[in-house]
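Working through the structure, step by step
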Amino acid sequence: MRRLWVLLGLLAVGPAWALQVVATTASMGMLARTVGGPQVQVSELAPPDRDAHMLQARPSMLRALRDAQLVVAVGAELEIGWLPAAISGAANGAIAPGRPGYFEAAAQVPLLDAGLAADRAQGDVHPGGNPHVNLDPLRMAAISKALAERLAQLDPANAAGYRERAQGFAAAVDARVPTWKRKAAGSAGVVSFHKDVVYLTGFLGVPFLGTLEPVPGVAPTASHLQTLAARLAGKKGVIVHTPYQPAAGAEKLATLTGWPVVVLPIEPPAGSEAQGYFELIDRWVDVLARAR
Ligand SMILES: [Zn+2]
């Protein structure tokens, strides 16, 4: 009897979840939460209002990574400036790159801009391909299924639930695709600050008209904006930048073209579930749909 009480006591204090997952961004946190369900506890390293290219490894990241069984990263070198340092600082071999506890979303899907010159003179070119897959709902659905398989590998007892929730997410995406595409059809197109919306425009069939950055990672210059404005003369479109990207380049191009400027995040709110992600895509579709 005493042994039974000890056993019950252990059960009562043990964690309710099977896995601790650390996601690098809010989009990756959303996927981990959506696919992991009640079996996972998810924390996020990059706040959605910060530029995930530009973070630095912090003690709070190391603490989160120390106890994790799985890291869900965007990959394709998006987090190269801080995640490798944070992982090695956490001294947790289970989440080292190459181990089952390290998952990269970008490695699960075909990437745009792969194989461009890996020359830093070309700016921060993401030589492994463009990592900004999170705004493409179809790629995110494919990534959710790959993530379910990884969770199943780490926690076989709950494999069926992981696969079921990934299928549910993919089905929810599929159900929304016709409305998103119908609304966006006929959009004149978009200029973004960084090349972080091309997966979305490709998915929707909306013209991607250029970036305020002359090359990725380099701030807008007057000569680049003038060249861009000359190329866009007589056309319509919308200029979009995120809250953390400086507004000056967008305002300058707006003056030159007469186009509206819209400030829109590329990440859902911190702690989002699938609904928060779908609302983000809804907002983008509405902005693109008005550009005509
Ligand atoms: Zn980038």
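All values derive from a computational prediction rather than experimental measurement.

On to the sheet that holds strand β3 (residues 70-73), then. Spatial strand order, β2-β1-β3-β4: 4 strands in an open sheet with parallel pairing. Among the strands making up the open sheet, the edge pair consists of β2 (40-44) and β4 (102-104). Across the sheet, the mean angle from the axis of one strand to that of its neighbour is 20°, orientation sign disregarded. Together, β1 (19-23), β2 and β3 form the strand contacts of helix α2 (residues 26-36), whose direction differs from that of β2 by roughly 175°.

Let us look at the packing of helix α5 (residues 137-154) against helix α6 (residues 159-184). Packing of α5 against α6 brings their axes to within 8 Å, and their N-to-C directions diverge by 175°. Comparing the axis directions of α5 and α6 gives the class roughly antiparallel. Facing α5, whose interface residues are Pro137, Leu138, Ala141, Ser144, Lys145, Leu147, Ala148, Leu151 and Ala152, α6 presents Ala159, Tyr162, Arg163, Ala166, Phe169, Ala170 and Val173. Of the residues that constitute the contact of α5 with α6, the class distribution is 13 nonpolar, 1 polar and 2 charged.

What follows covers the domain arrangement of the chain. On domain assignment, one finds that the chain holds domain 1 (17-176) and domain 2 (182-290). Between domain 1 and domain 2, the C-alpha centre-to-centre distance is 24 Å. Every contact between the two is made by 30 residues of domain 1 and, on the other side, 28 residues of domain 2. With 6 residues, α2 is the largest single contributor of residues to the side of domain 1 that touches domain 2. Residues that form the side of domain 1 that touches domain 2 fall into these classes: 12 nonpolar, 9 polar and 9 charged.

What counts, and at which threshold
Residues numbered from 1 in each chain as written. Predicted model: local features only at pLDDT ≥ 70, side-chain atom pairs only at ≥ 80, totals over all residues. Pairing = 2+ DSSP bridges. Helix = DSSP H or I, 4+ residues; strand = E, 2+ residues; numbered from the N terminus. Axes fitted to C-alpha atoms, helices over the stretch in contact; angles between N-to-C directions. Contact = placed C-beta atoms within 7 Å. Parallel < 35°, antiparallel > 145°, perpendicular 65-115°, else oblique. Nonpolar A, V, L, I, M, F, W, Y, C, P; charged D, E, K, R; others polar. Domains from an automatic or database assignment.

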